[in-house]
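As a plain string of letters, each chain reads:
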Amino acid sequence: MNWEELDLNPRIIAAVKRANVKSAKEILSLSGPDLQRLTKLSKADVHHLHTAVAQAYCKRPPVTALQLLRGECPSLEPGHRLSFGCAVLDALLRGGIPLCGITELAGESGAGKTQFGLQLCLSVQYPVEHGGLGSGAVFICTEDSFPIKRLRQLIAQQPHLREDLPKALVRSIRFSDNIYIEHTADLKALQTCISQRIPVLLSRGLVRLVVVDSVAGLFRNEFQADETIERTRHLLTFSSALHRLSHTYHTPVLCINQVTDVVDGPNPGRCDFGLVESRVLPALGLAWANQVMVRLMLRRLGGCVTAGEQSCIPRRLEVVFAPHLPRDTCLCGVWLEGVRGVPLGEDTHGEPPPPQQQLLPDGQVRTTHRPAAGAEGAGDT
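Residues numbered from 1 in each chain as written. Predicted model: local features only at pLDDT ≥ 70, side-chain atom pairs only at ≥ 80, totals over all residues. Heavy atoms only, no water.

Re the packing of helix H3 (residues 32-39) against helix H4 (residues 43-57)
Running from amino to carboxyl end, H3 crosses H4 at an angle of 110 degrees, the nearest separation of the two axes being 9 Å. Our classification of the angle between H3 and H4 gives roughly perpendicular. Note on element contacts: H4 touches H3 through Lys43, Val46, Leu49 and His50, opposite Gly32, Leu35, Gln36 and Thr39. Of the residues assigned to the contact of H3 with H4, the class counts are three nonpolar, four polar and one charged. (Axes fitted to C-alpha atoms, helices over the stretch in contact; angles between N-to-C directions. Helix = DSSP H or I, 4+ residues; strand = E, 2+ residues; numbered from the N terminus. Parallel < 35°, antiparallel > 145°, perpendicular 65-115°, else oblique. Contact = heavy atoms within 4.5 Å. Nonpolar A, V, L, I, M, F, W, Y, C, P; charged D, E, K, R; others polar.)

Structure, rendered in structure tokens:
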């Protein structure tokens, strides 16, 4: 670092050079007393040195809470979320998933996790005033091939899912043209995708959502049980790259995760970072849990939910932890038109009765739900 470019007294610069300190990182990593012993400077001089280096090293000025409250930093988009396109799901998450940080969705196989990722890939393309971000999405597949057939089905059913929007707006969006699909067979390919190809799409404004399905697949396959330290090192490198992309481009990141069985059963005295009454936990352990800002878990229940001519198996979506959300749950189902929450009650005004829900002793849910207007077909995906 060129010390002469800083607003420092020549005496301080000379002391830094005598101490053989060559970079701003060295200055900022040392405490005040350590820097005093190294440079023989006074406490006031060291404080001035720290301040000058920090100001030069920080490329972006800090943002205060008052600036955020006043809305003086529009680039941070305070309070905005990426909507799921469903009032029940958005109510659980207070608007949708946050734009900065990693959101994890974990659950057992067949719970419907990929359906949530596909729905967000479509929702992100709507304008900001309709809960989207007006851009495309990157969908990274690490295990199975991309479910293109289901995506086409969801695109065709968008007018039924988003009945609150003008049909002309829905038809005007070319959804399939704005979803970029990547298949990564190993960790090297995944790191190349995250560090090289995705930044190009983000910098050009072509995408504003990154979906990884799934984050556990490659890390489970490429490391043995006795390689925990090496696996953790690669995992932290991967999560750091995701955080950097998310915060640099204000882009939500959804990581779909697998689960692992709890052999000794849930322990009420220990924070398991999973569903309270479930015998499974999200994979990759505490090292990964510390990198996640919002953890959601999806559980497939028993019973059946009906809506008109459609029926599906109910799911329970739970907020495990989040800095801005209480721990809460909602029921949802995977329908022909996409994922929709099951409301607990509504005023029918002479229409068919509101949904009736019954929680059975074995944990199954029996629900009868009023059909959504315009819904067609039947089936569970």
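Text resumes after the structure shown.
Let's talk about the pairing of strand S14 (residues 329-335)
Within S14, six of the seven residues are buried, leaving the element largely enclosed by the surrounding structure. Relative to S14, strand S13 (residues 315-321) runs antiparallel, the two being bridged by four bridges. Note that in S14 the partner of Leu317 across the bridge is Cys330. The sheet contact formed by S14 and strand S15 (residues 338-341) spans four bridges and is antiparallel. When the bridges of S15 are listed, Cys332 appears paired with Gly341. Where S14 folds back on S15, the antiparallel hairpin that results is connected by two residues. (Buried < 20%, exposed > 50% of the residue type's maximum accessible area, 1.4 Å probe, protein only. Pairing = 2+ DSSP bridges.)

Digging into the sheet that holds strand S5 (residues 179-183)
Strand order in the open sheet formed by nine strands is S5-S4-S6-S7-S3-S10-S13-S14-S15, with mixed pairing between adjacent strands. Bordering the open sheet on either side are S5 and S15, each of which pairs with just one other strand. In this sheet, adjacent strand axes meet at a mean angle of 25 degrees when their direction is disregarded. Where strand S3 (residues 102-107) and strand S7 (residues 253-257) come together, five bridges link them in parallel fashion. Residue pairing in the sheet places Leu105 in a bridge with Ile256 of S7.

Some remarks on the confidence of the model for the protein
Should the pLDDT be low somewhere, the predicted coordinates at that spot are not to be read in detail. Per-chain confidence: the protein averages 83 in pLDDT, with 82% of residues scoring 70 or above. The weakest mean pLDDT in the protein belongs to strand S16 (residues 356-359) at 45; the strongest belongs to helix H7 (residues 113-123) at 97. Throughout residues 345-361 the model reports pLDDT below 50, and contacts reaching past four residues in sequence, or to other chains, amount to 32 contacts. Scored below 50 in pLDDT, residues 365-381 shows 74 contacts in the model against residues more than four places distant or in partner chains. (pLDDT = per-residue confidence, 0-100.)

A word on the pattern of salt bridges
Under the defined criterion, the tally for this structure stands at nine salt bridges. Between Arg233 and Glu230 there is a salt bridge; the shortest N-O distance is 2.6 Å. Pair noted here: Arg233 and Glu230 are both in helix H13 (residues 228-249), with a separation of three residues, about one helical turn. Using a relative accessible area of 46% as the deciding quantity, one classes Arg233 as partly exposed. Arg340 is the salt-bridge partner of Glu337, the closest N and O atoms lying 2.8 Å from each other. Arg340 shares its class with Glu337; the two are buried. (Salt bridge = Lys/Arg side-chain N within 4 Å of Asp/Glu carboxyl O.)

A short note on the side chain of Gln125
Residue position: Gln125 is located in the loop between H7 and strand S4 (136-141). Residue Gln125 is classed as buried on the basis of its relative accessible area, which comes to 7%. Separated by 3.1 Å, the side chain of Gln125 and the backbone oxygen of Cys121 make a polar contact. For Gln125, the side chain forms a polar contact with the main-chain oxygen of Phe175, separated by 3.1 Å. Beyond its immediate stretch of four places on either side in the chain, Gln125 contacts Gly134, Ser135, Gly136, Ile173, Arg174, Phe175, Asn178 and Ile179. (Polar contact = N/O pair within 3.5 Å; in protein donor to acceptor, adjacent residues only side chain to side chain.)

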